Amino acid sequence: MNTDETTLGHIQELRRGTVVLACLIRLRTPDYGYALLESLNSLGILVDANTLYPLLRRLEKQGLLTSEWNTDEARPRKFYRTSPSGDQLATALATDWRRIDDALARLDTGDAR
Amino acid sequence: MTTLTDRYVWAAARTLPETQRAEFGRELRERIGDVIDAHVERGAAPADAEHAALVELGDPLQLASSYIDRPLQLIGPKYFLTWWRLLRLLLVIVVPLAAAGVLLGQLISGADIGEMIGSTIGTALQVAVNLGFWVTLVFAVIERSPGASVPVSTWTPDQLPQPRDDARAGRLGDLIASVVFLTIFAVAIVWQQFGLVWIDGERQPIPMLDPALWSFWLPYFIALLVLEVVFAIVIYLRGWTWLMAALNVLLNLAFTVPALWLFLSGQLFAPEFVEAIGWPWGQASDITVTVIVFLAIGVTVWDIIDGFLKAARNRGGSALGGY
């Protein structure tokens with residue numbers, strides 16, 4: 001295995017949980033799968049479609065997202081929205097994320113040692 | 001006319017439970033439509049765009065699996081260790097038992113040696129393959145039943161193996177030698193019943209040992225051989241101790257004393273056998289008898305001394321030899 005592959009694997013692992021957090025925050029405004037994908041990627045939160053669509057389904061099953069079919073346009077689209085429990089989870093995850101970020105920063109500057 | 005999209009959706013949806021198909025199909029169509037639109041926006045022809053979109057989505061079966069969290073492995077990490085431990089346990093117990101059973105059956109029915117080895121190995125292989133298949137099948141089914149809750153084997157520190165030290169590795173050779181020798185001995189005791197003497201290339205139905213001994217002594221010796229196997233296994237696991245050396249004395253005496261007594265009082269061999277091999281029993285055979293008796297006693301005494309020597313060596317033993 002070359003170094004790039006190793007790096008890529010670790011980066012992927014680091015990002016895995018953040019995609020959930022990003023979805024929960026972003027979907028406080030309802031949107032459909034492809035639009036969500038585009039907006040996350042344009043923000044630099046890189047996520048694969050084959051990861052995102054199953055993830056949306058799973059989050060809905062867990063009651064963290066609610067969904068509604070929008071048939072106003074030519075093609076029906078499923079709009080997802082963060083549910084109240086999803087919102088709570090987003091807050092908890094975001095807090096944890098910041099805590100880890102702080103801790104890493106302190107480790108890096110040497111304050112904690 | 002069915003489009004590529006229709007075919008793709010059908011291919012992916014048919015592997016799902018029926019209740020989820022309609023909703024899944026609708027979601028998938030939305031996704032494919034959006035990807036096609038993106039390709040068209042970038043300037044592709046609609047037909048090419050559809051093709052490209054489906055290539056992007058990849059294998060429909062894999063896609064469907066990712067949507068419903070269906071495992072793409074036979075046995076996942078949740079059950080793998082349980083499966084592996086159970087399979088190993090069954091293989092270690094059932095295969096030797098089945099092989100021994102067949103071997104015994106063949107011995108009793110008096111099959112020739114080639115047939116005996118062949119059918120024993122054949123049965124062992126069959127049993128092993130069957131065990132592997134059925135155990136794995138059951139676990140693969142459990143892996144795919146969402147509601148099933150099988151108690152996953154919980155690990156406790158008691159299951160920790162003893163570090164395999166050099167002493168035990170050295171004893172493995174002794175164990176194998178003992179078990180092989182004792183098995184052959186036991187088989188020979190049964191086998192001799194069907195005759196060991198060939199005259200003009202034909203096996204004579206003359207037992208070597210007196211058949212009257214089957215009422216007590218031969219079963220007694222076979223039982224003793226079984227005990228010796230158990231003893232050899234315990235030695236392998238625990239090593240020699242003074243207690244084991246003492247038990248070794250008892251086992252040796254229990255075997256050699258009755259055997260010598262039967263031999264010397266002329267009860268051991270069947271009279272027909274003695275006659276068939278033309279052994280001048282009770283005449284010029286004094287030297288032969290003396291040699292045999294001394295050999296038997298010598299082997300026994302050596303075995304006893306060997307036990308004590310090993311026990312003595314073990315006492316000074318290595319840091320790991322604390323058991």
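Predicted model only: the values in this text are computed from it and were never measured.

**Observations regarding the overall build of chain A**
- Regarding its fold elements, chain A presents four helices and three strands.
- By the burial criterion, 33% of the 113 residues in chain A qualify as buried.
- Sequence-distant contacts in chain A: of pairs separated by 6 or more residues, those separated by 24 or more amount to 45%.
- Carbon and sulfur atoms make up 53% of the accessible area of chain A, which totals about 7,500 Å².

**Some points on the overall build of chain B**
- Tallying secondary structure elements over chain B gives 11 helices and two strands in all.
- Going from N to C terminus, chain B has its helices and strands arranged as α-α-α-α-α-α-α-β-β-α-α-α-α.
- Within chain B, the fraction of its 323 residues that count as buried is 33%.
- At a minimum sequence separation of 6, the contacts of chain B that also span at least 24 residues come to 69%.
- Summed over all atoms, the accessible surface of chain B reaches about 19,800 Å², with 69% contributed by carbon and sulfur.

**Concerning the UniProt feature "transmembrane region" (unreviewed entry) in chain B**
All names here are of chain B.
- Here, the residues flagged by UniProt with the feature "transmembrane region" (unreviewed entry) are residues 86-108, 120-142, 172-194, 214-237, 244-264 and 284-305.
- The span residues 120-142 is 100% helical and 0% strand by assignment, and the distance between its end C-alpha atoms comes to 33 Å.
- As annotated, residues 244-264 has a helix share of 100% and a strand share of 0%, and its two end C-alpha atoms lie 30 Å apart.

**Re the packing of helix H2 (residues 18-41) of chain B against helix H3 (residues 46-57) of chain B**
All names here are of chain B.
- Axis separation between H2 and H3 bottoms out at 8 Å; the angle between their running directions is 125°. By the criterion of interaxial angle, the relationship of H2 to H3 is oblique. The way H2 lies across H3 gives a crossing that is right-handed. Counting all contacts with H2, which are made through Leu-28, Arg-31, Ile-32, Val-35, Ile-36, His-39 and Val-40, the residues of H3 involved are Pro-46, Ala-49, Glu-50, Ala-52, Ala-53, Leu-54, Glu-56 and Leu-57.
- Per-class residue counts for the contact of H2 with H3 are 11 nonpolar, one polar and three charged.

**Here we look at the sheet that holds strand E1 (residues 31-32) of chain A**
Residues and elements named next belong to chain A.
- Spatial ordering of the open sheet is given by E1-E3-E2, a layout of three strands whose pairing is antiparallel. Two strands lie at the open edges of the sheet, namely E1 and strand E2 (65-70), each paired on one side alone.
- Pairing geometry for E2 and strand E3 (residues 77-82), over six bridges, is antiparallel. Paired with Asn-70 across the strands is Arg-77, a residue of E3.

**Notes on the environment of Phe79(A)**
All names here are of chain A.
- Looking at the element boundaries, Phe-79 is found in strand E3.
- Between the C-alpha atom of Phe-79 and that of Trp-69, which follows or precedes it by 10 residues, the distance is 6.0 Å.
- Once residues lying within four places of it in the same chain are set aside, the contact partners of Phe-79 are Pro-30, Asp-31, Tyr-32, Thr-66, Ser-67, Glu-68 and Asn-70.

**Some thoughts on the interface of chain A and chain B**
- Contacts between the two partners involve 16 residues from chain A and, on the opposite side, 20 residues from chain B.
- Contact with chain B buries area across many residues of chain A, yet Tyr34(A), Arg57(A) and Trp69(A) alone supply 39% of it, more than any other trio.
- Our enumeration of links across chain A and chain B arrives at six salt bridges.
- A salt bridge links Lys78(A) to Glu23(B), with the nearest nitrogen and oxygen atoms 2.7 Å apart.
- Where chain A touches chain B, the interface holds 10 residue pairs in polar contact (both at pLDDT 80 or more).

What counts as what
Throughout, a residue's number is its position along its own chain's written sequence, starting from 1. Whichever chain is written first becomes A and whichever ligand is written first becomes 1, with later ones labelled in order. Under the rules for a predicted model, residues below a pLDDT of 70 receive no local features and side-chain atom pairs below 80 are neither given nor counted, while totals for whole chains, interfaces and linings still include all residues. Only heavy atoms go into the side-chain values, all of them from the structure, while hydrogens and water stay out. The numbering of helices and of strands both runs from the N terminus, where a helix is a DSSP run of H or I of at least 4 residues and a strand a run of E of at least 2. Exposed residues in this analysis have more than 50% of their type's maximum accessible area, buried residues have under 20%, and partly exposed residues fall in between, with area computed by a 1.4 Å probe over protein chains only. Here, residues are in contact when the closest pair of their heavy atoms is within 4.5 Å. Surface accessibility in these figures is a Shrake-Rupley result with a 1.4 Å probe; residues are shielded only by whichever protein chains are displayed. UniProt positions are given in the numbering used here, feature names are shortened, and annotations may be inferred rather than shown by experiment. The axes are straight lines fitted to the C-alpha atoms, using for helices just the contacting stretch, and the angles between their N-to-C directions are given from 0 to 180°. Each angle receives one of four descriptions, namely roughly parallel if under 35 degrees, roughly antiparallel if over 145, roughly perpendicular if within 65 to 115, and oblique otherwise. Definitions for this section: a left-handed crossing has its near helix turned counterclockwise from the far helix by less than a right angle. A right-handed crossing has that turn clockwise. Residue classes follow a fixed rule: Ala, Val, Leu, Ile, Met, Phe, Trp, Tyr, Cys and Pro count as nonpolar, while Asp, Glu, Lys and Arg count as charged, and any other residue, Gly among them, counts as polar. A pair of strands counts as paired when DSSP detects no fewer than two bridges linking them. Computed with a 1.4 Å rolling probe, the buried area is the accessible surface lost when two parts are put together, summed over both parts. We define a salt bridge as a contact between a side-chain nitrogen of Lys or Arg and a carboxyl oxygen of Asp or Glu at a distance within 4 Å. The term polar contact refers here to a pair of N or O atoms within 3.5 Å; inside protein, the definition further demands a hydrogen-donor-capable atom paired with an acceptor-capable atom, and it admits residues adjacent in sequence only when both atoms are side-chain atoms.

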